[in-house]
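A closer look at the structure
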Amino acid sequence: MAPLLVLIGFLLFLNFDSTRREVEYVSARRAAEIADLVDAAVQSQLKLATALSTATPLVHDDMPAAYARAREFQAVSGAWRTVVLTDPAAGRELFDLRRPLASGGEPMAPFVAAAARSETPLIGNVLRDRLGVFVVPIHVPVMRDGRLRYILTVEMDTAAVQGIVAQRAPAGSVAAVVDRAGNFVGRSVAHERRVGRPATRYVREAVARGRSGLYKGVTYEGLVNYTAFSTAPQTGWSAHVAVDSALIDQPRSVSLALLAAVAITCLGASGLLTMVAVRRSADRRRDDERLRQSQKMEAVGQLTGGIAHDFNNLLTVIIGGLELVLKRVPPDDPNRRYLEGAADAATRGAKLTSRLLAFSRTQRLALQPVDIAAVMDGLSDLLAQSLGPRIAVSVDIADDARWVLTDENQLELALLNLALNARDAIADGGRIAISTQRAKVRGRSPHDRVEIIVADDGHGMTREVAARAFDPFFTTKDVDRGTGLGLAQVYSMARQSGGDAVIDSAPGQGTRVHLLLPSAPAGDASEAPAGSTVISTNAHRGRRLVVVDDDEGVRRVIVDELRHLGFEIQEAAGGAEALDLIKAEPPDLMIIDFLMPGLTGAEVARRARAMHPDLRIAFISGHMDNAALDAAVHDAVILRKPFLSSELATMVTRALEADPAPRRS
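These figures come from a predicted structure and were not determined experimentally.

Following the sequence through the fold, Ser53 ends up in helix α1 (residues 2-53). Overall, Ser53 belongs to the buried group, its relative accessible area being 9%. Residues within four places of Ser53 in sequence aside, it is in contact with Leu58, Val140, Val142 and Leu152.

Let's shift gears to the sheet that holds strand β10 (residues 224-231). Read across the sheet, five strands follow the order β8-β7-β11-β10-β9 without closing on themselves; strand pairing throughout is antiparallel. Single-partner strands in this sheet number two, and they are β8 (184-187) and β9 (212-218). For this sheet, the mean angle separating the axes of adjacent strands, direction not counted, is 25°. In the sheet, strand β7 (residues 174-178) pairs with strand β11 (residues 238-244) via five bridges, with the strands oriented antiparallel. When the sheet's bridge partners are listed, Val174 is paired in β11 with Ala242. Of the strands in this sheet, β7 and β8 touch helix α5 (residues 159-168), which is tilted by about 45° from β8. Sheet strands in contact with helix α7 (residues 201-209) are β7, β9, β10 and β11, and its direction is about 160° off that of β9.

Moving on, we get to the nonpolar core. Ranked by internal contacts, the top residues of the largest apolar core, which has 47 residues, are Val177 and Trp237. Looking at this core, the elements with two or more residues in it are α1, α3 (63-77), β1 (80-87), β5 (134-144), β6 (147-157), α5, β7 and β11. Per-element tally for this core: the top contributor is α1, with eleven residues. Membership of the second largest hydrophobic core comes to 39 residues, among which are Val375, Leu415, Met461 and Ala501.

Across all of its chains, the model carries four aromatic pairs by this definition. Between Tyr67 and Phe95 the ring centres are 5.4 Å apart and the planes differ by 80°, which places this aromatic pair in the edge-to-face class. Within this pair, whereas Tyr67 is found in helix α3, its partner Phe95 is found in strand β2 (residues 92-96), the two being separated by 28 residues in sequence. With respect to burial, Tyr67 and Phe95 carry one shared label: buried. Between Phe184 and Tyr220, the aromatic rings sit 6.3 Å apart at their centres with planes inclined by 65°, giving edge-to-face as the arrangement. Placement of the pair is Phe184 in strand β8 and Tyr220 in the loop between β9 and β10, with a sequence separation of 36 residues. Given the relative accessible area of 38%, Tyr220 is considered partly exposed. Here Arg187 stacks its cationic end above the ring of Phe184, 5.2 Å away from the centre of that ring.

A full pass over the atoms with the stated rule returns 27 salt bridges. Note that Lys327 and Glu561 form a salt bridge whose closest N and O atoms lie 2.5 Å from each other. On the criterion of sequence distance, the pair formed by Lys327 in the loop between α9 (267-326) and α10 (336-358) and Glu561 in helix α15 (residues 552-564) is long-range, its members being 234 residues apart. Residue classification places Glu561 among the buried residues on the basis of a relative accessible area of 4%. We note a salt bridge from Arg495 to Asp500, for which the minimum N-O separation is 3.9 Å. For Arg495, a relative accessible area of 33% translates into the label partly exposed. By relative accessible area, which is 26% here, Asp500 ends up partly exposed. Several salt bridges share partner residues, and in doing so they unite Glu93, Asp96, Arg98, Arg99, Asp129, Arg130 and Glu155 into one network.

Taking 1.5 Å per residue as the helical rise, α15 with its 13 residues ought to reach 18 Å, and the 18 Å between its terminal C-alpha atoms agrees with that figure. Buried within α15 we find Val554, Arg555, Val557, Ile558, Val559, Glu561 and Leu562. One side-chain oxygen of the residue at the start of α15 lies 3.0 Å from the amide nitrogen of Gly553, identifying that residue as Asp551. Note on α15: the residue one or two positions beyond its end, Gly566, has a positive phi of about 100°.

Look at the link from Lys641 to Pro642: it is a cis peptide, with omega at -10°. For Pro642, the location among the structural elements is in the loop between β23 (637-640) and α19 (645-657). Here Glu119, not a glycine, exhibits a phi torsion of approximately 55°, which is positive. Using a relative accessible area of 41% as the deciding quantity, one classes Glu119 as partly exposed.

Spatially, β13-β15-β16-β18-β17 is the arrangement adopted by the five strands of the open sheet, whose pairing is mixed. Here the strands that pair on one side only, and so sit at the sheet edges, are β13 (391-396) and β17 (500-505). Pairs of neighbouring strands in the sheet enclose a mean axial angle of 15°, with direction left out of account. Relative to strand β18 (residues 511-518), strand β16 (residues 449-456) runs antiparallel, the two sharing eight bridges. Following the sheet pairing, Glu451 is matched in β18 by Leu516. The strands that helix α12 (residues 408-425) touches are β13, β15 (430-438), β16 and β18; relative to β16, the one it contacts most, it runs at about 25°.

When pLDDT is averaged along the chain, the result is 81; 77% of the residues meet or exceed 70. Confidence, read as mean pLDDT per element, is least for helix α18 (residues 626-632) in the chain (55) and greatest for strand β19 (residues 544-548) (95). Predicted confidence is poor over residues 524-534, with pLDDT under 50, and the contacts of this stretch with residues over four places away or in other chains come to seven contacts.

Definitions and limits used
Residues numbered from 1 in each chain as written. Predicted model: local features only at pLDDT ≥ 70, side-chain atom pairs only at ≥ 80, totals over all residues. Heavy atoms only, no water. Helix = DSSP H or I, 4+ residues; strand = E, 2+ residues; numbered from the N terminus. Buried < 20%, exposed > 50% of the residue type's maximum accessible area, 1.4 Å probe, protein only. Contact = heavy atoms within 4.5 Å. Pairing = 2+ DSSP bridges. Axes fitted to C-alpha atoms, helices over the stretch in contact; angles between N-to-C directions. Core = buried A, V, L, I, M, F, W, Y, C linked by side-chain atoms within 4.5 Å. Phe/Tyr/Trp six-rings, centres within 6.5 Å; stacked < 30°, edge-to-face > 60°. Lys NZ or Arg CZ within 6 Å of the ring centre and 35° of its normal. Salt bridge = Lys/Arg side-chain N within 4 Å of Asp/Glu carboxyl O. Expected span 1.5 Å × (residues − 1). Polar contact = N/O pair within 3.5 Å; in protein donor to acceptor, adjacent residues only side chain to side chain. pLDDT = per-residue confidence, 0-100.

Spelled out as structure tokens, the structure:
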């Protein structure tokens, strides 16, 4: 009897220990996730503020234009309560978006003076602004000839941090983010009452001991807890997840009571419980890893999407202006080749933006049946030039694993990225093998997935490197050889296509990357993709169009091009002005920029439709949030910035020839 009781006690202890470790593990992972997401959110706001600090109006000391540009950036950010520009030499503010530009500047705030002394970008601790609202100041120096000219201060609303904390806090827990001074920046419980106030001594003592770990404490609400915490590397803030101590302590009491009550009869049950706990723990770890990968993609999407609109506006003006000039330059003009070279460089810049946004999951893929064999044939010359003669490439595309459902351009880019990564892993020549086969996916038909395998005989990866290889911006290459975007694009392409990407590698054993993509019925590879045909505008010459865009350069390019095509154009710099133009008589088509200060493109479209239910509407936008565009006006035609003149003409013709919006009864 005694040996059996000892065995039962041991099994119950394992069950308790597994439960305790699972609770601790989940809390620690959530704390690390919150720290990473908050770090990424704050860094994205810092990058946006840095972009504003280099704006042309600031370079030329044009305060009215700088004030207006700051308003535009505030609208893009969505998290800035205000923007303040300070002249440290004069010790006064030049403008504050909370006040009219002509109202005069306040004396320089003490926390701005401290930032001026550092002359480097600085993320401050939470503080109360002049209106009594708690904010996080972000300071960016504006340099001129190597000397400090201005300090640009962005006051970020703590609600941005609190939203992340509340969303990621496990059920029944209390989660918080604490700044370097030990004050709350965001809290999942009683945020408004605690923000800006000191955290408990348990929090401050834990942070003083190290950058991560587990400690026992009591919250302001009296919850006795175990708390896991993790410190973000960029901001130096720490994220804390507190769970009821009963979740860890109670299993011990239950286990002892169960040992006394059921003794021998519990032997089988306790063993079963142990197996279930171990399996649950393993499943939870896998789910958490997938969630963490998804959250990293989401954070990078926020970072890239925030600046895509302005960057695409610049490219639109450059590409459109060059196309208009090229139409006026004779083919034999010696300066034409310089213009064509500039146009080609601008087009490559647009492709670079598209590649960066591909893994942020804000740009929808054009899913269609794609012939892998045809893609590889098209890549053969490029691979030969890129890989060099020292690397042998073999391609084996199985007849029954040839067609997949994906975006052809993104698949081509993914295969090229994988080949170039394999090349870099092969030191002194070697072999790269690209093959396909039918894949068997658990719970699915064996004929609904195609597996593309890219294998090399290079130096391979450690388990730690392989686990992070798909992370955006992660790279083990030298600074001038890798950006960390290649494998991130591969992963995003596979996931957005409804598949997956897996790395199988070990040091000294090479690397195999498996792309699982949905199979597709064989199609006609010679068919031109939808939207590739340029449509003539001759049948619509003289029709009245209204163009709405707050960026004067972009608006001028669109207006000049459409007038060149024979349309009658009216233009507006904002939504209110545009609505006045169409009040008396609707145009044949209204072309609206989606992201504008004041009335957004979506709001302008809705109000215009309220006036004229049959009005045709088209959006032109560098904003890559597909869901927002689709929700604005469901039947609107959409053209992405930057674009070619032929694409603009095609979009306008299709919009004019489409059925008008159905009239509401």
